[in-house]
Amino acid sequence: MKMKRILFIFFLFMFAVTLNSYAAYFKSAVKSPPPVTVTGQVKDDQGKPIPGVTVKVQGTTSGTQTDVDGRFQIQAPDDATLVFSFVGFAEQSVKLNGQTVLNITLLESSIGLQEVVAVGYGTQKRSEITGSSSTVSAKEIAKRPITQLSQALQGTASGVAVTSANGQPGQGPHVQIRGANSITGNTEPLYVTDGNIGAAPDDPNDVETIEILKDAASTAIYGSRGSNGVVLITTKSGHLGKPRIEFNTWVQNDQMPKTLDLMGPYDFARSVNNQFESTGQTDAFTQAQLDNYKNNGGGTDWQKALFQKAWVQYYDLAVSGGSETVKYRFSLGYLDQPGTILNTYYKRTTLKSNMDVKLNNRMDLKIILSASLPQNHNNSYGGGLTDPFNQAVEWDPTSPIRDASGAYINHSKYASIQFNPVEQAMSQADDGTATNLNGTATFNYRIINDLTFTSTDVYSIGQNYLQRYFGPGTSNYDSKSDYINNETSKFTGYLSSNFLTYKHKFGDHSITATGLYEVQSGTSMGFVARANSLSTYSLGYYNLALGGAQNSSTYSSDALVSYLARVNYSYKDRYFLTASIRTDGSSHLTKKYSSFPSIGVSWNATNEDFLKSSKVISDLKIRASYGQTGNQNVGAYSSIAQILTPSSQGNYYFNGGMPGAAGTASVATPLGTGVSKSLEWEAKTAYDVGVDIAFLKGRLTFTADAYKNNVTNLLYQKPASGYDNGNTYQANIGSLTNNGFEFSVGGTPVVSRDFRWTTNLNVSINRNKVTNLGGLDNQVVGSGNNTVNAILKVGQPLGEFYGYKFLGTWKTSEAAQAALYGMKPGDAKYQDINGDHAYTSADYQTLGNATPQFTYGFINDFTYKNLTLSFMFQGQQGSQVFSETLAYLWGGLGDMKNATTIEAVPENLWTPSHQTDNPAWSNSSHNYNNSSRYVYNSSYAKLKNLSLSYKVPAAWLQRISVNNLEVYVSGQNLFTITPYKGYDPEINNAGNAITQGQEFGVIPNPKTYTVGVRLGF
Amino acid sequence: MKTKYSLLLAALALIVISGCVKLSEDPKANLTPQTYFKTQSDLDASVNAIYIALARDGAWGFTSKETSYFGSDDYTTDPGLNKQDQRDFDRLSGGSSNSSLTAEWYGPWQAIYQADNVITNYSKVNSTQALKDASAGQAYFLRGLCYYYLVRTFGPLPMVLTNLDLNAKPPRADVATVYASIISDLQTAKKLLGTTLAQGRPTTYSASACLADVYLTMAGWPLNQANNYALAAAEANIVIQAGVYNLSTPYDQVFTTNNSPESIFALEYSVAGGLPDRRFGSSNVPLDEVALDGSSGWDDVYPEINFFKNAPVCTRTDLTFYTTLKLIQPDKSFVLTPWNSTVTHAQHPYYKKFRAGLNGDGVNETATQILSIQPSTNKALDVIRYPQVLLDYAEASDMAGGGPTGAGYAAVNLVRARAGEAPLTPGLSQTAFRDAVVYERAYEFAEEFGMRWFDIVRLQLLPAVIAARDPSENSIPAGTVVAQKYLAPIPFGEMTLNPQWTQNAGY
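Below is a summary of the structure that appears in this document. (Residues numbered from 1 in each chain as written. Chains lettered and ligands numbered in written order. Predicted model: local features only at pLDDT ≥ 70, side-chain atom pairs only at ≥ 80, totals over all residues.)

Helix and strand counts for chain B stand at 17 helices and eight strands. For 507 residues, the compact-globule estimate of 2.2 N^0.38 gives 23 Å, and chain B sits close to it at 26 Å. Seen through its C-alpha atoms, chain B measures out along the principal axes to roughly 110 × 60 × 45 Å. Across the 507 residues of chain B, 57% fall into the buried class. Here the contacts in chain B between residues at least 6 apart in sequence split such that 69% fall between residues at least 24 apart. (Helix = DSSP H or I, 4+ residues; strand = E, 2+ residues; numbered from the N terminus. Rg over C-alpha atoms; globule rule 2.2 N^0.38 Å. Buried ≥ 20, exposed ≤ 12 C-beta atoms within 10 Å, placed from the backbone. Contact = placed C-beta atoms within 7 Å.)

This brings us to the overall build of chain A. Along chain A, the regular secondary structure elements total 13 helices and 50 strands. In terms of C-alpha radius of gyration, chain A reaches 31 Å, essentially the compact-globule figure of 31 Å for 1017 residues. Principal-axis analysis of the C-alpha atoms places the extent of chain A at approximately 105 × 65 × 60 Å. Per-residue burial over chain A gives 50% buried out of 1017 residues. Across chain A, contacts joining residues at least 24 apart in sequence account for 69% of those joining residues at least 6 apart.

Across the contact, 84 residues belong to chain B and 83 residues belong to chain A. Where the side of chain B that touches chain A is concerned, the elements lending two or more residues are helix H1 (2-20), helix H2 (40-55), helix H3 (84-90), helix H4 (102-121) and helix H17 (492-497) of chain B. Its residues assigned to classes, the side of chain B that touches chain A comprises 39 nonpolar, 34 polar and eleven charged. (Nonpolar A, V, L, I, M, F, W, Y, C, P; charged D, E, K, R; others polar.)

Right, let's get into the environment of Val528(A). All names here are of chain A. Along the chain, Val 528 falls in strand S25 (residues 509-532). Look at Val 528 and you get partly exposed, because 17 C-beta atoms sit within 10 Å. For the pair Val 528 and Tyr 687, spaced 159 residues apart in sequence, the C-alpha to C-alpha distance is 46 Å. Residues within four places of Val 528 in sequence aside, it is in contact with Asn 485, Glu 487, Asn 551, Ser 552 and Ser 647.

So, about the sheet that holds strand S41 (residues 845-849) of chain A. Paired through their backbone hydrogen bonds, the strands of a sheet run either parallel or antiparallel. Residues and elements named next belong to chain A. Spatially, the four strands line up as an open sheet ordered S36-S37-S38-S41, and their pairing is antiparallel. Only two strands of the sheet have a single neighbouring strand rather than two, namely strand S36 (779-781) and S41. Each strand of the sheet is rotated relative to its neighbour by a mean of 40°, with strand direction disregarded. Of the strand pairs in this sheet, strand S37 (residues 789-792) and strand S38 (residues 800-803) are connected by three bridges, and their pairing is antiparallel. Considered in S38, the bridge of Asn 789 is made with Tyr 802. (Pairing = 2+ DSSP bridges. Axes fitted to C-alpha atoms, helices over the stretch in contact; angles between N-to-C directions.)

Okay, here's the thing in C-alpha cells:
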C-alpha cells in the first residue's frame, strides 16, 4: 500500500511538472532561423530506396518519413542537422550547412546499436539500453512461411527456447525465455502488441519488429507479469506517399516427417502367435492365414490410412500510403491449413487497419483496429492414449478399415482396446470458430518539447463458438458416453495505460523519466450446453433437444491497477543507468499489492577516446542489471472457498437410470477443497551481465549475456489429503534457479559487388535447479497421460523422468536369481535398489531429463545479384524424451495388447538360444513397466528452413508497373539429425515444466515444401 | 487554452478510470460457503453430493474400488494386460503406489468430507425438523458406512468428523476408536432415518443392517470382541422382524434389475446422466469374446479356478458363473468353447451374474450370440442385500450363545432355498454351523464388492484360501508375510502428506 501511495504521488508530481513546463514554454518561446526546404532520397548499400525512414530535425520534434521511393521533403533551418533512422539500419546524422538536396545511404546494422527499439512505454536507442534484449525483424520473419507468429522466435534469438507442442494445424509453439520460471504455471512470455498487453497479432505479415526482453532491467516494468520475459511487437504502419499495394502468397505441401517402422500383417500375425504360445494358448492365426499374409499382403497400413498430404494456402493483401497528416495501412490475410491427419484443418481470416493521424504539431493519434477470425476443425488431438494418431500405430495391421459391407470395423481382436482410428477421425467433429476484435488508440501529446503525455487505450472483445459431435462412429458412442455439445464464451477486456515522459539534456547529462498509471480489467463468461444419448444423430451437433441436457455456465472478472516510475539517466553518452519500480494491485490475491524494482547500468565504450580511433572495434558496450518480476499464475477467485456445481456428475439419480433414459436428476453441490489464504505471485529475482561488441564496422558482431535467476514463492497444486477432499489446492511452496549463458555471433564474412553472405549463430545454455519445495521433497508427479512419472526433487532440475531402470533381460544363467523376483529367464530385469527382491516404487530412480544442455540457431543468407539462398538450422543438445508412443509399440503396456513395432518380431525377442535384451512374451506383469527402456536422447539439429528467392529486376518490372516482385521456393523441417527413433524429437505433451519431455501420441511437425510470391504495386 | 482543456479532460478521465476498477472479487457464478445453507434445497443438494462422491467412476463405480479384495479367492485377473494394479493384490503383493487402490481411499473419504459438511451445517437451514433430520440421517449413515469400509481396508484412521483447516494433520486413531465412531454415526442415523422405503436412499433398517454387520466384524479380527455377536444378532433381527424385505426375486434377476425387494441400500447409476456403473458389463467379459457389433471384453475380473470348482451344486452356481465362452468367427457365427479350452486367453471361468447389467445394457446376448458388450451400465450397486442380514443373523446368533438356533437355521435356509439348495444339515456344532454360513456367504455374495474378502479378514482365513489355490493362478511370491496382508497399505501420496502417520506393517 505504501509503495502504491508513493508511486501515485510520483505520478501527480509528474503532472505538476507538466503544467509548470507548459507555462514555461509559453514564456520562453524562441524564434528559430527561417526554414528551407530540403529534399532527397534514402537508399541502402545496394542502391535500393528505403521507404518509411524517419527523418527528423535534431533537437526538435518535427520530422517526416520517406515515401515508397525513399524520397523525402522537410522544412528545416539551414544550419540544422537531419537525423535518418530506420529499424535494422544504423542511424545517420547529416548537418545541412546550406545543402538542400541530400542523398543518403543507410547501412544495415546487425547489432544495431544506433537503432531505435521498443522498450515498453517508450523507445530507446539500443546504445542506451542497460538491459538484455533481442530483435527479430520483419525481414527475418518473411524468410519462412510462418503461420503462427511465435514460430518467428525459433532459432532467431538467443535465450529463447521455442518448441512445437505438436504438429496440428493452427498450433503455436511453446516459448520459454531463459528456462522455466514456474513449475506448474504458465511459462510463456508476456506478449505486448503496440502497447496492448497480453495480445499478439495473428498474421505474421503485419509485424514490423519483435523485441524480446529477457532480463529484469527490461521486464520489471511489466511487474507481476514480467518473469517469463516479454515479447514486444510493433506492427506495420503506413508510409508517406502514394498508395502501395503488396500481395503476398504461398502454397505449401505439408506431410508427416516420417513413419514409424511397424509390422506388416505377416509379421504381426507371427508375433501374436508367439505371444499366445507363451501362455499355452492355441495359435491365433493358422499357417494358411500366415502364408496368405506372407504371399498376398493384405490388412491395413494404419499410418498410411490416417495420414494425408495437405495443401496449405496463405494470402495476404496490404494497402498502405499516407500524407503528412494521415498515414494508413490496411491488410487482409487468409490462411487455409489442413492437417497432416485426416479430417482436420485450421483456417484464419485476419483484418488489420493502422492509422496515424497528426492532429496538430503537438498531438498525434494512432488507431489500430484488428479482427481475427480463426476456425478449427478437429484440432483437439494434443496427444494421448485415445487420439486416432496414437491408435493408428497400435492398431492391428491384419484388420481392414471396413468390413465387406463397407461399414467400419470398430474394434479388432488383436488391436488395442480403444477404437478404429480412421473411423474416429472421420466421424467425430470438434468445430470451433472465434471472433476476436481489438481496438487500440494511442494518443501522444507533446506538452512541451521535453514532456510528452501518452495514453494507450485498448478495448477487446472475443467470442468463441464450439460445436462437438461424438455420436455414431466415435469411441464415445461405442462406450455409451455419446454426446453433442454447443458452447460459447465471450470476453471483454479493457486497458488504459497513461504515462508522462520527460526528456531533458543538460550539459553531459541526459535524463528520461516516465511515470505511469495503468488499469486493466477483463470479464469473461460463457456456457456449455450438452446433450447425451440422442434419440437420433441425423442432425449432427445442430439440435440439442434430441437428448438429455446438461448445462453449465461460467463467469470470471478481474482487474489490475498499476503504477510505474522509471528513470533513464546517461552521462556523456557513455554511462547509462535505468531504474524502475512497478507496483501491481491485483484482484486475484488476498494481499492485493506487490512491488517490483529494477536497476540496470551500462557503459558504452564506443564513445571513449581510446576506442574512437580503433579500426578493429567499432562498438563496445558492457551491461549489468538486477531486478524483480512476478508471474501471475493465480487465477481469479483462487483465494475464495467454493461450493461446486460440477458440470459432469453434477446430478444424482435416486431412482436410477434406464437404458437410454437418465431418470430424475437431483442437483448436487459438493463443497470444494479448501483454499490457501496467503497466495502470492511467483517472484523472480534476476541478475544479468552482458556485452555487445561490433568489429570492423559491424562486419562481425558479438553479444553475450550471463544471468542468474532465482524464483521464489513457486506455485504448486498441492495435493490435499483424502480427508480434506483429496484433489489439490494452489499454494506457494518453494523456489528454483535458472542460471545461464547465451551469445550470438553475427557477421558478413563476404561482401562484394554481386555477392553477400551474412550469418548468425545464437547459442543458449540454461541450468535449471529446484532449490526448495517447502517439505514436499521427492514429489512424484504423474503426467495424467499414462506416461512415466516425473519427480520434483530439491537439487534436481525440472523435467526429471522417474521409474525403473531397465537392465535388459534375465539370462538363462540367472534363473535362480530371477526366481527370487517371481520371474524367469527372458523376463525384464530392472535395478532393485533396496534389494528386497521385488520391483516396487522404492526402486524408482531418475531416468533422464528433458531440458537440453544447450540450444542453438544458425542462420545464413547468400545473396548473388537478385538471388538469395537462406537456410536455418535449429537444434538442441543433451536432452532426453520419454516416449510412451514407442513404449506402447512393444505391447502389454496399458491397454495395448499386441506389439506392432518391427523390432518385436519373434526372432528379435529373447529365446534360450538367442538371449537378446528384448523380453520374451510372458505372464510377468513387470515386462511392461514404464522404465528407462523408453528414454531416448532427443538431441537434434533440424534444417528448419531452406529457401531460394529471386527478386525480379526493377527494370523489367517498370514496364508492367510493378514495383517489386519476388518469387521463392522453400522447405521446412526437410531433415533432422537425431538419434531419436520416434516421430519428432521436438514435440511433447507436457502439461507443465515438471512433466516436460514426456511424449505420447503427439502429432509431429510436418515437413513442408513451399512456393511463394511477394508482389508490390 | 484548447490544450489546457484537454489536460483537464485527461486528468478527469484518469479519475473516472480509476473509479471503475475495483480489486475486490465477486464470483458471480460461484456459490460460496458464506452464502449457502439457507434453504432445504441447499441442504438436499449438499446431501446428493455425498452419494456422487461415493458412486462415481473414480470411487465405487468401477472395479478399481475392489483392488485390495483381489487377495480373495472369488477374485483374480489377467496375468498380463493392463491389470497390474489388481494382479499385484491377487498375488498378495500390492504396494502403496498402486494407482487403483486410491479409489478405495479417496471414494469414501470424499464422501465423508461431504457428509461432514452436511452434519456441520444442516441445522442452519430454514426448513422443518423432519426434513432436516432426514437429510442429516443420510449423512450420518453414509459417513458410518464409509468409515466402516475404510477401517476394514486400511486399519487405524484419522477421525475427521468436521471439515478441517488444510494445515491440520490429524493422527491415525486406533481401530476401536474408529468403530466407536461408526456405531455412534449409525445409531444416530437409525434414529433420524424413517421407515419408508425410497429407492436410492437408506432407511432406519439400512442403518440397523449395517450395524449388524459392523458388530459381527467387531467380534472378529482385529478387535475380537465376542460380546458384539449378541448386538449383531439384535440389529439383524430388527430388520428381519420389520418384514419389509424378502427373497422373492430369482437370483439372476437380482443382478439384472434395480431396486428388488431385497435391496436394503444401493448406489444408483445413470448412464445418460453421466454417472455410469462400470462394474457390470465389459469388465467381466473375457478378452476373447467379441460381439457382433465389434465390441469386446475387458477381462478385468473373474474367479479363481478352485473357487469355482468348490461351489455348491445348485441353480445359484449356474446363474453365478459363466463357463462357456462364445467366440466369434470371421463369418460372424459363434463357436461355444468351454472355459478351460486352450483356445481361450485366460482359461478361467467368468461371472455370468455381472454380464448383463440392467436389462442387458451391459452384455446383450442370447445363448448362442453376443450382440453387444458395453462397459457403462445403469445397474444399481447393491451395497447391502437382505441375504447379508439373514446370514449375519445366522452367524451372530450361533456365536452369541451356545450354538445354532432355530431362527438361525431358518435364516440361512431362506437363502439356501432361493439358491436351489437343500436346507442345511440340522444339529451342526457351533463352529460347523458358523463355517457353513461363511461358505454360504462366499457363494451367495461371490465377488460382490468385497464381502468375501472382509470375511477372510475378520476370520483370518488367508492360509486356508492360499492352500486351496490352483497352481496356475498368478503366483504369490515366496516369503510373503501373509499375516501382514489383511490390511492394505495407506496410499503412498497420503503418507507423504501425513508424515505423522506410520504405514501399516509390511508395506
